[in-house]
Every structure is written in C-alpha cells, then in structure tokens.
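Structure assessment
Here is what each chain is made of, one letter per residue.
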Amino acid sequence: MTGTTVGGLIAGVTNEYEFVPAIFFAGAYGLVLFAYLGRFTNKKSEWTCLNSGSASAVIERIIQFCLRAVVCRTPGDESEGLTEYLQLGTFMATSALLADLNTLLRAVTIEAIQKDSDPQPEPSSVETKTISDVSTRTLGTSWSASTVVEALRPPSLEHRLKRYRLFSDTLLITIYSVLGMGILGTSLCISQRNEPSKAILIMALRELYNSVIMLVLLLLTCWAVWTKIHITVAARPINTIIIFLALLFSPLLYRFWATAQRTTPENVLAYHSPLNDRFHKILFYVFLVTPEFIVTALLCGLHVPRYFNVRPLGDQQWSCCGKRKKNGEAEKSPNPIVMEGSKNWFNRRKAPSM
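As the structure is a prediction and not an experimental result, all values here were calculated from the model.

Turning our attention to the overall build of the chain. Looking only at helices and strands, the chain features 12 helices and two strands. Taken from N to C terminus, the helices and strands of the chain fall in the order β-α-α-α-α-α-α-α-α-α-α-β-α-α. Residue burial in the chain is summarised as follows: out of 354 residues, 47% are buried. The long-range share in the chain, meaning contacts at least 24 apart out of those at least 6 apart in sequence, stands at 85%. Looking at the chain as shown, the accessible area adds up to about 17,500 Å², and 65% of this sits on carbon and sulfur atoms.

Bringing the environment of Ala297 into the picture now. Within the element layout of this structure, Ala297 appears in helix α11 (residues 278–301). Counting along the chain gives 239 residues from Ala297 to Val58, while the straight-line C-alpha distance between them is 8.2 Å.

Along the chain, the position of Arg311 falls in the segment after α12 (304–308). Here Arg311 falls in the buried class, since its relative accessible area comes to 2%. Separated by 2.4 Å, the side chains of Arg311 and Glu111 make a polar contact.

A few words now on the confidence of the model for the chain. The share of residues in the chain with pLDDT of 70 or more is 71%, and the mean pLDDT across the chain is 77. Scored below 50 in pLDDT, residues 318–354 makes 55 contacts in the model with residues more than four places away or belonging to other chains.

Below, the discussion takes up the pattern of salt bridges. Between side chains of opposite charge, a pair can form when the charged atoms approach closely. Under the defined criterion, the tally for this structure stands at nine salt bridges. The closest approach of N and O atoms between Glu60 and Arg61, which form a salt bridge, is 3.0 Å. Here the two residues Glu60 and Arg61 agree in accessibility, since each one is buried. Shared partners join several salt bridges into a network, and the residues in it are Glu60, Arg61, Arg255 and Glu292.

Phi at Asn309 takes a positive value of approximately 60 degrees, unusual for a residue other than glycine. Residue placement: Asn309 occurs in the segment after α12.

Quick look at the environment of Ser211 now. Locating Ser211 in the fold gives a position in helix α8 (residues 199–230). Residues Ser211 and Leu252 lie 41 residues apart in sequence; the distance between their C-alpha atoms is 9.0 Å.

Okay, the layout of surface pockets next. To find the voids left in a structure, one rolls a probe of water-molecule size over its atoms. The computed volume of the second largest pocket comes to approximately 450 Å³. What lines the second largest pocket is a set of 28 residues, among which Gly53, Ala96, Ala99, Asp100 and Tyr176 lie closest to the centre. Of all the elements in the fold, those that place two or more residues in the lining of the second largest pocket are α2 (52–71), α3 (80–117), α6 (156–177) and α7 (179–187). Counting residues per element, the lining of the second largest pocket draws most heavily on α3, at 11 residues. When grouped by side-chain class, the residues that make up the lining of the second largest pocket number 13 nonpolar, 10 polar and five charged.

What follows covers a nonpolar patch on the surface. Together, Phe167, Leu215 and Leu219 line one region of the surface with nonpolar side chains, adding up to about 240 Å² of accessible area. Tracing the backbone through its elements, the reader meets Leu215 in helix α8. Take Leu215: its relative accessible area is 48%, and that puts it in the partly exposed class.

Our next topic: empty space enclosed by the protein. Under the counting rule described, the total for this entry stands at three cavities of 30 Å³ or more. The space that makes up the largest cavity amounts to roughly 50 Å³. Counting residues per element, the ones that place at least two in the lining of the largest cavity are α2, α3 and α11. Class assignment of the residues belonging to the lining of the largest cavity gives a composition of four nonpolar, one polar and two charged.

Look at α3 against α11: their axes get within 11 Å of each other, and the N-to-C directions meet at 35 degrees. Two packed elements cross with a definite hand, and for α3 against α11 that hand is left-handed. Between α3, through Thr90, Ala93, Thr94, Leu97, Asp100, Leu101 and Leu104, and α11, the contact on the second element is made entirely by Phe284, Leu288, Glu292, Val295, Thr296 and Leu299. Looking at side-chain class alone, the contact of α3 with α11 contains eight nonpolar, three polar and two charged residues.

Further remarks concern the environment of Lys281. Mapped onto the elements of the fold, Lys281 is located in helix α11. Each C-alpha atom, one on Lys281 and one on Ile10, is 9.6 Å from the other, the two residues being 271 residues apart in sequence. Non-local contacts of Lys281, meaning those with residues more than four positions away in its chain, are made with Ala11, Gly12, Val13, Thr14, Asn15, Tyr17, Glu18 and Asn276.

Turning to the packing of aromatic side chains, a few remarks are in order. Here the structure, examined in full by the defined rule, presents 14 aromatic pairs. Plain terms: the ring middles of Phe25 and Phe293 are 5.8 Å apart, the flat faces sit at 75 degrees to each other, and that makes the pair edge-to-face. Taken together, the positions of Phe25 in helix α1 (residues 19–38) and Phe293 in helix α11 put the pair 268 residues apart, joining distant regions of the chain. Each member of the pair Phe25 and Phe293 is classed as buried. Measuring from ring centre to ring centre gives 5.0 Å for Tyr29 and Phe293, while their planes differ by 85 degrees; the resulting arrangement is edge-to-face. Pair noted here: Tyr29 is in helix α1 and Phe293 is in helix α11, with a separation of 264 residues, a long-range link.

Cut-offs applied
Position numbers for residues count from 1 along each chain, tracking the sequence in the order it is written. Totals for whole chains, interfaces and linings use all residues, but because this is a predicted model, local features are given only for residues with pLDDT of at least 70 and pairs of side-chain atoms are given and counted only at 80 or more. Where side-chain values are given, they derive from all heavy atoms of the structure, hydrogens and water being excluded. Numbering of helices and strands starts at the N terminus; helices are DSSP runs of H or I of at least 4 residues and strands are runs of E of at least 2. We call a residue buried when its accessible area falls under 20% of the maximum for its residue type, exposed when it is over 50%, and partly exposed in between, using a 1.4 Å probe and counting protein chains only. In what follows, residue pairs with any heavy atoms lying within 4.5 Å of each other are defined as contacts. Areas reported as accessible are Shrake-Rupley estimates using a 1.4 Å probe. Residue values count occlusion only from the protein chains shown. Counting of polar contacts relies on pairs of N or O atoms within 3.5 Å, with two restrictions inside protein: one atom must be capable of donating a hydrogen and the other of accepting it, and residues adjacent in sequence are counted only when both atoms are side-chain atoms. Scored from 0 to 100, pLDDT reflects the predictor's confidence in each residue. The term salt bridge refers to a side-chain nitrogen of Lys or Arg lying within 4 Å of a carboxyl oxygen of Asp or Glu. Space inside and on the surface of the protein is sampled on a 1 Å grid over the protein atoms alone, with a cavity defined as a set of points where a 1.4 Å probe fits but cannot get out and a pocket as an open set with protein on both sides within 12 Å along at least 5 of 7 lines; lining residues have an atom within 4 Å of a point. Grid points are joined across faces, edges and corners, and a volume is the space filled by probe spheres set on the points. Three classes are used, and their members are as follows: Ala, Val, Leu, Ile, Met, Phe, Trp, Tyr, Cys and Pro are nonpolar, Asp, Glu, Lys and Arg are charged, and the others, Gly among them, are polar. Patches were defined on residues exceeding 30% relative accessible area and lacking a salt bridge, with like-charge contacts within 9 Å and nonpolar side-chain contacts (Val, Leu, Ile, Met, Phe, Trp, Tyr) within 5 Å. Axis definition: a line fitted to C-alpha atoms, limited for helices to the stretch in contact. Angles are taken between N-to-C directions and run from 0 to 180 degrees. Rotating anticlockwise by less than a right angle from the far helix to the near helix defines a left-handed crossing, while the corresponding clockwise rotation defines a right-handed one. Stacked, tilted and edge-to-face pairs are distinguished by plane angle, under 30 degrees for stacked and over 60 for edge-to-face with tilted covering the rest, among Phe, Tyr and Trp rings (Trp via its six-membered ring) whose centres lie within 6.5 Å.

Below, the structure written as structure tokens:
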C-alpha cells in the first residue's frame, strides 16, 4: 500500500473540536423544527408541501449533530456504520433543498405568467351573471368567470406553461435519479481502508454526483434570473429564491474540494489525521453547515405560501380549473383556492349572489 492514496472523508471523523458547534446547530435546528410544527396549531397558517424536503432535512440534521456531540466526548469510539451515516447525511442534504427550491420556483413562475396573461379588467359580478346566462342558453352549461378568463388567454400560453413544467419535472427527476449514485459512493468510502482498489470507482461516483447536482443548481439559478428579467414577477419572492440558490453554491464547492483531498488508506478513519485538524473543521462548519442551515431555517420558518404569494400546494395543473362532468356541471377543484385576476391566494371572497 505504499504510495497509495484514496479520497478522504468530508470533515474527517468526529473529534473534540466539534462539541460546541454540534451542540449549537443541534439546538438551532431544534428551534426550526419547533417553529415548523407550530404552524400546524396556528389557525392563520396553512399546511404546505413546498418545504417538505427542508423539513425532513431539519430532522436529519438534529439527529446528526446530536450524534456528533455525543461521539466527540468519547474519542475513537466512532464505528464504521456511524461514520457512514454521518457522511451520507453530510453529502446528500443539498438535494432535498434543491428539490424544494425547484418546486417553489416553478410555482412562482407559473403564477406570475398566469397573472400577467389574464385579461384586464376582471369581469364584474354583473358580467359574470350575463356570461353565465348566455352560456347556459347556448351551450347548456354554466361557466364561471374564471373559466371565461381561461378561455380568453392566448393560445400559446398553455404551451408556454407546459415548457416550464416539463423543465421543472426534468430537474426534479435528475435530482432523484442521482441519489443512488451518491448513496453508493458515500457508503463505500469507508471500505477504501481495506480495499484501496475501489478508490477510483468511489471517487468517480462521488464526483459525478457532485457534478450533476452542481449542474442542476446552475440551471435553477439561470431559470430564476431569466424569470426575474423576462417575466413580470414580484421582486421579493424571486430575489429570495436567487439568494437561497446563491448560498447553496458554498456547500457544493466545499464538497468538491473535500472530495478531492487525498489521504492514505490507514488514515481514512484515523482520529488524528490531516483532515481532522481545527482548520478543516472550521471550513466544514463555515462553508457547508452554515449556508445549509440558513436556507433550511428560512424555508421552514417563513410562511411560504404568503411570503412567496403562491398556493399552499404549489403549481398543480389540476387546480387551475375544474374538470366537467358528463351531465354538464363543472367539478369543484380539489384546491379550494382560485386565482382571479391579480388577486393573491389568501384574498378570498364570496361568490356573488345570483
């Protein structure tokens, strides 16, 4: 094995330098989880699936930093299985955040396009009644004002929305499709100690996963900037998404750098290896843990639908308008929130009396 080098672990193994930051981030993530769960008991808040990935990342981070705080008090007792778990959580957390940001950016973009394309002014209650009466006599069906607005949109609008939805779905499938690659490469990193011949395969899997996730991040950033420049959208939601995406470049770049660090097979799990000094621990907590915490905390702490001005379920194609039954009556949309003109999702009003 003389002269053989293998890829090192991200931040090495847990040691005494991590006790204070591990306790701090375990408590900080605990507060984030408390705030997230508090929304379920707040009558003014509504449940949303737009930050479900971030919520799962919060739970995983609490477990991980609690384990780090315990292990660092018993130096040298970290098992291979525990090391693999800590490496896996550290390596894969960004994927959940990117999936949430992809879903959120899609919702913001679709809502902005739909609002911008709605004819103005919005039909009044009298016009709505007239349209309903005329449509009942001519077509035998009762149309709502929102259905007429949908019919008056440019023919190319649906194709435009379809392209954005297809692009978003492609990015989401890409994120999930490379998870297996990252899991395999991370779970095998400990085996390099006894089988250095696997080092090239493990390095390739980890670098390929990092590269694909970086490509997804770049595409999401370009999409967000494109939306800000070419689509009439509120400044606060799109600027916040761009800031979140910019913060996630730091963890990915750190993982590229950490994965490229080389060490000898016997030092992979060594307690006093070159990758376990104070300098490397500072880099780990500053450039990987802190940016991920900021993004996760804000996604879980903010009232996402109200802050980003989107539906609680995000962009659901079936929620734009109801399907029609065979007897001519329109089905009620599964999503009770109907976007009318430029009104926000939370500005609901009663239907005008006929």
